[in-house]
Each structure stands twice: as structure tokens, then as C-alpha cells.
Amino acid sequence: MIRKLLIANRGEIALRILRACRELEIAAVVVHSTADADSMAVRLADESVCIGPPPPRQSYLDARQILAAAEITGADAIHPGYGFLAENAAFARMVEEHGFVFVGPRPEHIELMGDKVRAKETMRRLGVPVVPGSDGPVQTPEEAVRVARDIGYPVLVKAVAGGGGRGMKVVHDEGELVAAMELARREAEAGFGDPRVYLEKFLERPRHIEIQVLGDRHGEVVHLFERDCSIQRRHQKVVEEAPSPVLDDEARREIGERVVAAMAELGYLGAGTVEFLWKDGEFFFIEMNTRIQVEHPVTEMVTGVDLVREQILIAAGEPLSVDQGEVRLSGHAIEFRITAEDPDTFVPRPGRITHWHPPGGPGVRVDSHAFAGYTVPPFYDSLIAKLIVHDADRGRALRRAARSLAEFVVDGIPSTIPLLRAIVEHEAMRAAAVDTGWLERSMEELRPRR
Ligand code: MV4
């Protein structure tokens, strides 16, 4: 049983976890840096512990400070949220070695999925479709040439230790291959301390579709369908929706079943997301995230399953609250990430919010830690709110989004709301004719509408 949970995070996700604790009648401790001393999470938590100065390395990434805070407050469990230590296997191990429950996957699965080559190998072995490529790191230029000829150009050179789009190089023909590999190797060594690279077929203009899973300590695994996160910029998601407008029920069932079979075989525990590129009706596994994700609310809105509550109950040893047959899709949900950034350049613009009026009404959810008078600190990501709309179908959800974004008042700092309004109104968004490069290609077009 978990009686007191320590939240090792900040911002909207700290509040989201706090809300789940309240509804489970679990006491909540929040740790914070000096920059977050006046945060809403600190105000609402049962207890708070200041763990250091603003730089993440000296606070939210300082495992010893967090463990000490758990020790002195008598917490039983630690929830890492997303980012910071959420996918740090060593931290998960330390948490357990100190006798706390880690609200998340087993350390070995965090480690496995952190190694992009092992992750891919494992998923292929477990029957999940993967992108064609070198089966493991490429050792020599000769091997790279052979593999690339085999899979066909264009190919992508990826760092084994990369992920999230870091350390990737597109190669269009054999003439570029060896030089690109050498450059990728040097960058990977400098950036990740691991020079190994591998090759994949480069899929042009794919959609990004990810499957949400939950596994419990009793060996049960369910999927909660997919999220389509194709609207991104520089690997930062901007809009996410569920269900994906490009899948039919048959394709949805097929990929869900494959993912569940693989996760059940692994004995996966907790919440996870299996990421795919989708192109011409086919799925290709790229990565697995072993954490709760920013965009989890769209899944909550279309399934009615409270994912953070499930995470905590799973960690406590409870069985999943639903079996696969009980998980049903209802309507359509879309999430918009509202950040304190210039809407044209995405340059962060922290500062004081003078007026704050989030939208409301039917089918509208706002997950945010902001309020009038709140100062967005410059030290962390610039997410200030997630607007999630839900309605009976995609067309209605888009209209609900347009009216909700029009209602949203954020004064004092710039936000991405004007860009999000232009996206909602765009013909390509209405037609769901977008891919992972669409937003960056369309920024010019999205400007004059604001
Ligand atoms: C790819 C790809 C095309 N082909 N792999 C970027 C982040 C990392 N998770 C994997 N990424 C990609 N891998 C192959 N073989 C294109 C991307 C990619 C991308 C993927 C998902 C969402 C947005 C993206 C934006 C640019 C590139």
C-alpha cells in the first residue's frame, strides 16, 4: 500500500500527479527548486521540500536530494513524472534499493528501451514491425555501404545512444554515406559518450503514431489505443489527437494486439508508449518511452481511464482497473501545448502572467499550473498549459478547439495560442493531411492568419 507519495517533478505534471493522489487519498509531498517555491504544486501539496537552486542538475536531477526528501518526509513511493529522472534506470534502481516504490517500469526495461538498438532488436523479436535497417550498430564503412544498398536510399544514420531526433543524418546516395557516418560517430561520441551508429531506411513524410500501454504486477497488459502526434516542430510535439484520423478499426486492433503481446512477453510494468512511424498504411517501430507522457490526457479523454491513477495503483500492486474488452474509444480528443514562447520563432519568453482566463464549458480540460500573477521561470521547459478538447467526432472537436483557444486569455507574456488557432483553421489540419514535417514547412503560411 502507498500512503504517502513524493512527486519528483514540477509544473503541470506535478499538479496532475497531486490530483491523482488526492482522489486516491494518498498524502502528497512535492520537492521543488528555489525557483518553484511559490508554485501551485507547493501550495496544494501536504508537504514540500526545497531540494536546491534553479538549475535542474542541482535540484530536479539530484537523486540524492530527492531520496533524502523521501526519507525525511516518510514517503513510501516516488513518482518521477516526465523528463528529469523519469527514464533514468539508475535512479529507479536507487529508489527501490532505498526501500521506496518507484512509480514506473522496472529499471531493466527503462535501460532496455534507452538503448535504441537493443529496443529495436527486442521489439522485432517480439513480433512488432520495425524500420528496415542494419540489425545493430554498423562497424565498418564497407558494412554501411552493403546495408544501405540492401535497404535502398535514402537512409538515415542514427546514434545508438540518441533518441528524440538527436544525432540523426539523412544520406541520399552512396557518395555521402561514409562521410555522414564519420560525422555522426564524432557527434555521438561528443554528445552521448557513445560513438556507435546504426542505419535505417529513411521514411519521408511519415506520421507519428504511438500506442499507450499499461501493465500490472499480475502480468496483465492492455493497450489504450493510439495518439497521433504528427504536428511537431524540432521534435517538440505541438498538437496531439486520439484516435488517429488515418487508422481504421482493423488496423487499430492489429497494431494494438501486437504491442500488447510484446509487452506481455516482456512483463512490462506501468505506463508506456510504443512509438511508430506510419507510412502508406504500415507501422514501423522507432522507440519506446517508459514514462507517462505530456500528451496522456487525450487518451484519458477518449477512454475514460485515469492513467496517472492507474500508474500509482499498479505500483502499489493492484490489478489494472480494466481488461482489454472494457477499453472502448469514445469520441475524439485533441491536445494543444500552450508554451510561453514567441509563436513565430518558438524562442522562450518567460515572465509574469498578468491576466489568466482559461476556457471552460463542455468537453474542455485545461491541465496547467499557471495563474494570474505567476512568473514563468526561465530555467525549465516553457509549457504553461495543455488545452484538451473532447467531442463526439473530429470535426466537432476542432470547432470546440477553435472556440476554446479564442476564449483563452494569457496576458503579460507571449504564448503559442495564436499559432495554435491558425493550425486549427488550416485546411490541412481539417483534412488531417499532415505529417511530421508539415508544421515546419507551413510556418510561413500560418503567420499571416494571425
Ligand atoms: C525516423 C524518421 C524517418 N525515417 N526514422 C525523429 C525522432 C526519433 N524519435 C525518430 N525520428 C525520426 N526517425 C526513419 N527511419 C523520421 C524521424 C522524424 C520524426 C519522427 C517522429 C516525429 C517527428 C519527426 C520529425 C522529424 C524526423
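On a predicted model such as this, the values are computed, not experimentally measured, just so you know.

Observations regarding the layout of surface pockets
To find the voids left in a structure, one rolls a probe of water-molecule size over its atoms.
Point 1. Each pocket or cavity is described by its volume, and for the second largest pocket that value is around 160 Å³.
Point 2. Together, Arg16, Arg19, Ala20, Glu23, Glu300, Gly304, Val305, Asp306, Arg365 and Asp367 line the second largest pocket.
Point 3. Counting only elements with at least two residues in the lining of the second largest pocket, the list comes to helix 1 (11-24) and strand 17 (364-367).
Point 4. With four residues, helix 1 is the single largest residue contributor to the lining of the second largest pocket.
Point 5. Looking at the lining of the second largest pocket, its residues break down into two nonpolar, one polar and seven charged.
Point 6. There are two domains that each give the lining of the second largest pocket at least three residues, and those are domain 1 (4-86) and domain 3 (207-449).

Side note on the packing of helix 4 (residues 89-97) against helix 5 (residues 107-114)
Point 1. Closest axis-to-axis distance for the helix 4/helix 5 pair is 8 Å, and the angle between their directions is 175 degrees. Our classification of the angle between helix 4 and helix 5 gives roughly antiparallel. From helix 4, Ala89, Ala92, Arg93 and Glu96 reach across to helix 5, where they touch Pro107, Glu108, Ile110 and Glu111.
Point 2. When its residues are assigned to classes, the contact of helix 4 with helix 5 shows four nonpolar, no polar and four charged.

Structural notes on the domain arrangement of the chain
Point 1. The domain boundaries assigned to the chain delineate domain 1 (4-86), domain 2 (132-201) and domain 3 (207-449).
Point 2. Here domain 2 and domain 3 have C-alpha centroids that lie 30 Å from each other.
Point 3. Between domain 2 and domain 3, the residue contacts involve six residues of the former and four residues of the latter.
Point 4. For the pair domain 2 and domain 3, the two sides together bury roughly 340 Å², of which 53% comes from carbon and sulfur.
Point 5. Run the count over domain 2 and domain 3 and you get zero salt bridges.
Point 6. Our enumeration of links across domain 2 and domain 3 arrives at zero residue pairs in polar contact (both at pLDDT 80 or more).
Point 7. Considering only residue class, the side of domain 2 that touches domain 3 consists of two nonpolar, three polar and one charged.

Quick word on the pattern of salt bridges
Point 1. Tallied over the full model, the rule gives 36 salt bridges.
Point 2. Lysine 169 is the partner of glutamate 187 in a salt bridge, and the nearest nitrogen-oxygen pair spans 2.9 Å. Highlighted residues: glutamate 187 in helix 8 (residues 174-192) and lysine 169 in strand 7 (residues 166-171), separated in sequence by 18 residues.
Point 3. Between glutamate 295 and arginine 337 there is a salt bridge; the shortest N-O distance is 3.0 Å. Of this pair, glutamate 295 sits in the loop between strand 13 (282-289) and helix 10 (296-303) while arginine 337 sits in strand 14 (residues 332-339), placing them 42 residues apart in sequence. Exposure class is identical for glutamate 295 and arginine 337. Each is buried.
Point 4. Linked through salt bridges whose partners overlap, the residues forming this network are Glu210, Arg227, Lys237, Glu240, Glu275, Glu295 and Arg337.

Things to note about the side chain of histidine 223
Point 1. Tracing the backbone shows histidine 223 in strand 10 (residues 221-233).
Point 2. By relative accessible area, histidine 223 is classed as buried at 6%.
Point 3. Side-chain polar atoms of histidine 223 contact the backbone nitrogen of phenylalanine 225, separated by 3.0 Å.
Point 4. In this view, histidine 223 contacts Ile211, Gln212, Val213, Gly256, Glu257, Val260, Gln324 and Val327; residues no more than four positions away in its chain are not counted.

Overview of the packing of aromatic side chains
Any two aromatic rings considered together are summarised by their centre-to-centre distance and by the angle between their planes.
Point 1. Across all of its chains, the model carries nine aromatic pairs by this definition.
Point 2. Plain terms: the ring middles of phenylalanine 276 and phenylalanine 283 are 5.4 Å apart, the flat faces sit at 75 degrees to each other, and that makes the pair edge-to-face.
Point 3. Residue class for phenylalanine 276 comes out buried when judged on its relative accessible area of 0%.
Point 4. Seen in terms of ring centroids, phenylalanine 371 and tyrosine 374 are 5.3 Å apart; in terms of plane orientation they differ by 50 degrees. Their pairing is tilted.
Point 5. A residue is classified by how much of its surface remains accessible, and phenylalanine 371, at 16% relative accessible area, is buried.
Point 6. Three or more aromatic residues link up through ring pairs in this structure, and these residues are Tyr60, Phe84, Phe379 and Tyr380.
Point 7. Taking NZ or CZ as reference, arginine 43 lies 5.1 Å from the ring centre of phenylalanine 371, over its face.

Overview of helix 3 (residues 63-73)
Point 1. Among the residues making up helix 3, those that are buried are Ala63, Ile66, Leu67, Ala69, Ala70 and Thr73. Each buried residue of helix 3 lies within a common arc of 155 degrees when the element is viewed along its axis, so the set occupies one face. Turned more than 90 degrees from where helix 3 packs its buried face, Arg64, Glu71 and Ile72 sit exposed.
Point 2. Lining the buried residues of helix 3 we find strand 1 (4-7), strand 2 (27-33), strand 3 (47-52), strand 4 (77-79) and helix 4.
Point 3. Glycine 74 sits one or two residues past helix 3 and shows a positive phi near 70 degrees.

Conventions we followed
Residues numbered from 1 in each chain as written. Predicted model: local features only at pLDDT ≥ 70, side-chain atom pairs only at ≥ 80, totals over all residues. Heavy atoms only, no water. 1 Å grid on protein atoms, 1.4 Å probe; cavity = no way out; pocket = protein on both sides within 12 Å on 5 of 7 lines; lining within 4 Å. Points joined across faces, edges and corners; volume = space filled by probe spheres on them. Helix = DSSP H or I, 4+ residues; strand = E, 2+ residues; numbered from the N terminus. Nonpolar A, V, L, I, M, F, W, Y, C, P; charged D, E, K, R; others polar. Domains from an automatic or database assignment. Axes fitted to C-alpha atoms, helices over the stretch in contact; angles between N-to-C directions. Parallel < 35°, antiparallel > 145°, perpendicular 65-115°, else oblique. Contact = heavy atoms within 4.5 Å. Buried area = accessible area lost by both parts, 1.4 Å probe. Salt bridge = Lys/Arg side-chain N within 4 Å of Asp/Glu carboxyl O. Polar contact = N/O pair within 3.5 Å; in protein donor to acceptor, adjacent residues only side chain to side chain. Buried < 20%, exposed > 50% of the residue type's maximum accessible area, 1.4 Å probe, protein only. Phe/Tyr/Trp six-rings, centres within 6.5 Å; stacked < 30°, edge-to-face > 60°. Lys NZ or Arg CZ within 6 Å of the ring centre and 35° of its normal. Arc of directions from axis to C-beta.

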